[in-house]
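Examination of the molecular architecture
So you can see what is in the structure, the chains are spelled out below.
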Amino acid sequence: MKNIVLIGMPGAGKSTIGVVLAKALNKKFVDTDLLIQETTGRHLQGILDADGTATFRKIEEDIIISRRFHNTVIATGGSVVLSHKAMGHLKKDGIIVYLNVSLTEIEKRLVNITTRGIVLEKGQTLRAVYDQRVPLYEKYADITIDCSGYDFERVVAKILEQVRQRPGAGVKTGEDGHPGRG
């Protein structure tokens, strides 16, 4: 039973979609940003402000590679793709799903990027982060889901449709075509 690993920009909806997807698939749910907070006892923005982006990314990488996930939907932080090690670990037992949202939509969804715990280098704009990360999201993705303009339920349905076609994903389809029902 493979994990489903959600990647994408901050504001793409990974955590919200992850919870709904985990329910639909009867899988566990983990949010790696929450894992970082639980493990360190600190808020993401506090780590970034006090220790900087390099330290934050090292903490993120160490926490992810120290965990073994099974039959889990994993919502990652947007910066996870900056770590080849972390992505290799997640990809080993998972199907990587890139939640693709346009920059325009991300800008509408993110009210204050300086307090949300987003890994930004000094002076880096949201556009620069987007331009840096999109090629990495595309590189690691097994499945890309266009999310712009769709509600969470429709995005989950699109993910289920794609994941169902993958062997070992742990998605049982009922007679009515929905996971686990029939």
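**Some details on helix α2 (residues 32-40)**
Considered for burial, the residues of α2 that qualify are Thr-32, Leu-35 and Ile-36. Across the axial projection of α2, the buried residues extend over an arc of 100 degrees, all falling on one side. On its buried side, α2 packs onto β2 (28-31), α3 (44-51), α4 (53-65) and β3 (72-75). The opening residue of α2, the one whose side-chain oxygen lies 2.9 Å from the backbone nitrogen of Asp-33, is Asp-31. Directly beyond the C-terminal end of α2, a positive phi value near 70 degrees is found at Gly-41.

**Details of unusual backbone geometry**
Positive phi is not limited to glycine here, since Asn-26 has a value of about 55 degrees. Take Asn-26: it is sitting in the loop between α1 (14-25) and β2. Even without glycine at this site, Asn-71 takes up a positive phi of about 55 degrees.

**Details of empty space enclosed by the protein**
In the structure shown here, the tally under the stated rule is one cavity of 30 Å³ or more. The wall of the largest cavity is formed by Asn-3, Arg-67, Arg-68, Phe-69, Ile-74, His-89, Leu-90, Lys-92 and Asp-93. Here the lining of the largest cavity takes three residues from helix α5 (residues 84-92), the largest share from any one element. Its residues placed into classes, the lining of the largest cavity shows three nonpolar, two polar and four charged.

**Describing the packing of aromatic side chains**
Evaluated as defined, the whole model comprises one aromatic pair. Taking NZ or CZ as reference, Lys-158 lies 3.7 Å from the ring centre of Tyr-150, over its face.

**Focus: the pairing of strand β4 (residues 94-100)**
For β4, a buried count of six out of seven residues is recorded, marking the element as mostly surrounded by other parts of the structure. Where β4 lies against strand β5 (residues 143-146), four bridges are found, and the strand directions are parallel. Paired with Val-97 across the strands is Ile-143, a residue of β5.

**Brief notes about the packing of α4 against α5**
A packed helix pair is summarised by two numbers, namely the angle formed by the two axes and the spacing between the axes. Across the interface, α4 lies against α5 with an axial gap of 9 Å and an inter-helix angle of 25 degrees. One way to sum up the angle between α4 and α5 is to call them roughly parallel. As α4 runs across α5, the sense of the crossing is left-handed. The segment α4 lies against α5, with Glu-61, Ile-64 and Ile-65 engaging Lys-85, Ala-86, His-89 and Leu-90. Looking at the contact of α4 with α5 residue by residue, the classes come out as four nonpolar, one polar and two charged.

Parameters and conventions
- Residues numbered from 1 in each chain as written.
- Predicted model: local features only at pLDDT ≥ 70, side-chain atom pairs only at ≥ 80, totals over all residues.
- Heavy atoms only, no water.
- Buried < 20%, exposed > 50% of the residue type's maximum accessible area, 1.4 Å probe, protein only.
- Helix = DSSP H or I, 4+ residues; strand = E, 2+ residues; numbered from the N terminus.
- Arc of directions from axis to C-beta.
- Contact = heavy atoms within 4.5 Å.
- Polar contact = N/O pair within 3.5 Å; in protein donor to acceptor, adjacent residues only side chain to side chain.
- 1 Å grid on protein atoms, 1.4 Å probe; cavity = no way out; pocket = protein on both sides within 12 Å on 5 of 7 lines; lining within 4 Å.
- Points joined across faces, edges and corners; volume = space filled by probe spheres on them.
- Nonpolar A, V, L, I, M, F, W, Y, C, P; charged D, E, K, R; others polar.
- Phe/Tyr/Trp six-rings, centres within 6.5 Å; stacked < 30°, edge-to-face > 60°.
- Lys NZ or Arg CZ within 6 Å of the ring centre and 35° of its normal.
- Pairing = 2+ DSSP bridges.
- Axes fitted to C-alpha atoms, helices over the stretch in contact; angles between N-to-C directions.
- Parallel < 35°, antiparallel > 145°, perpendicular 65-115°, else oblique.
- Left-handed = near helix turned anticlockwise from the far one by under 90°.

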